[in-house]
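# Coordinate analysis (summary)
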Amino acid sequence: VMTLGTIGWTIGSLASKYSKSSKTDTPDGKKVEPLNVMVKTAWQMITAGVAFSITALVTGQYSTFSFNAVLPADWAAMTYLILMGSILAFSSYIWLLQMRPATEVSTYAYVNPIVALLLVHFFTDHSVTVLQIAGLVVILFSVLLMNWNLYKNNRTIRVIRYRKKLKKLKHMAPKSSIPRIMEVAAF
């Protein structure tokens, strides 16, 4: 289910990004404006909420739920996730997906695990383990590998490659030309 959810997220993001965004014709010949990004986001959240509510009803989770069993700190955490995770972060993701290339927007996966670990470390009594940090490294490295083609022609990478070439030239050049090479490199 989680794998299908991830695949669905990817397909939905790409379909949202690359579907027709211009005015569309209706059968009666009228032009219709596409939905606003925030309206699309709201529909996605409503659909997910209805699907989760139906699933909880069918599996009997409402019968065992008690409001009194939920601690105030848990309600605060839920409120934080609703405001910051759903409304702010997801809306920002959908808006950014409309403005930037999908490969750039996918780099949110670099930031989210780091923010999650920092929040856990500073705002809860849960200790961050070496296994969690290793998982963070694996996630960040995998996202880097998936976006490698995007980054390998980055200006910073080109500058690093250029400097490596200059260092090789420095060792190959006669002693008298080294100050000139250093002057050119600094320029």
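Heads up: these notes are all about the structure in this document. Just so it is clear, the structure is predicted and the values come from calculations on it, not from any experiment.

## Overview of the overall build of the chain
A tally of regular secondary structure across the chain gives nine helices and two strands. The helix and strand sequence of the chain, counted from the amino end, reads α-β-β-α-α-α-α-α-α-α-α. Relative to its 187 residues, the chain shows a buried fraction of 13%. Entry remark: accessible area of the chain is about 15,200 Å², with carbon and sulfur atoms responsible for 70%.

## Digging into the nonpolar core
If you look at the biggest cluster of nonpolar residues, it comprises seven residues: Val-37, Phe-90, Tyr-93, Ile-94, Leu-97, Ala-102 and Val-105. Where this core is concerned, the elements lending two or more residues are α3 (72–99) and α4 (102–105). Take this core: its biggest share by element is four residues, from α3. In contact with Ile-94, other than residues within four places in its own chain, are Val-37, Thr-41 and Gln-44.

## Some words on the packing of aromatic side chains
With the rule as written, the count across this model stands at two aromatic pairs. Ring geometry for Phe-65 versus Phe-67: centroids 5.0 Å apart, planes at 80 degrees, classification edge-to-face. Plain terms: the ring middles of Phe-67 and Trp-75 are 5.9 Å apart, the flat faces sit at 15 degrees to each other, and that makes the pair stacked. The class of Trp-75 is partly exposed, set by a relative accessible area of 36%. An aromatic cluster is present here, built from Phe-65, Phe-67 and Trp-75 joined pairwise through their rings.

## Digging into a positive patch on the surface
A cluster of basic residues, Arg-161, Arg-163, Lys-164, Lys-165 and Lys-167, forms a positive patch at the surface. Secondary-structure assignment places Lys-164 in helix α8 (residues 155–172). Judged by relative accessible area, Lys-164 falls into the exposed class, the value being 55%.

## Regarding a nonpolar patch on the surface
A surface patch of nonpolar side chains, amounting to about 1,100 Å² of accessible area, comprises Phe-65, Phe-67, Trp-75, Met-78, Tyr-80, Leu-81, Ile-82, Leu-83, Met-84, Ile-87 and Leu-88. The residue Tyr-80 is located in helix α3 in this model.

Thresholds applied
Residues numbered from 1 in each chain as written. Predicted model: local features only at pLDDT ≥ 70, side-chain atom pairs only at ≥ 80, totals over all residues. Heavy atoms only, no water. Helix = DSSP H or I, 4+ residues; strand = E, 2+ residues; numbered from the N terminus. Buried < 20%, exposed > 50% of the residue type's maximum accessible area, 1.4 Å probe, protein only. Areas by Shrake-Rupley, 256 points an atom, 1.4 Å probe, with all protein chains shown as cover. Core = buried A, V, L, I, M, F, W, Y, C linked by side-chain atoms within 4.5 Å. Contact = heavy atoms within 4.5 Å. Phe/Tyr/Trp six-rings, centres within 6.5 Å; stacked < 30°, edge-to-face > 60°. Patch = residues over 30% accessible without salt bridge, like charges linked within 9 Å, V, L, I, M, F, W, Y side chains within 5 Å. Salt bridge = Lys/Arg side-chain N within 4 Å of Asp/Glu carboxyl O. Lys, Arg positive; Asp, Glu negative; His and termini not counted. Charge placed at Lys NZ, Arg CZ, Asp CG, Glu CD.

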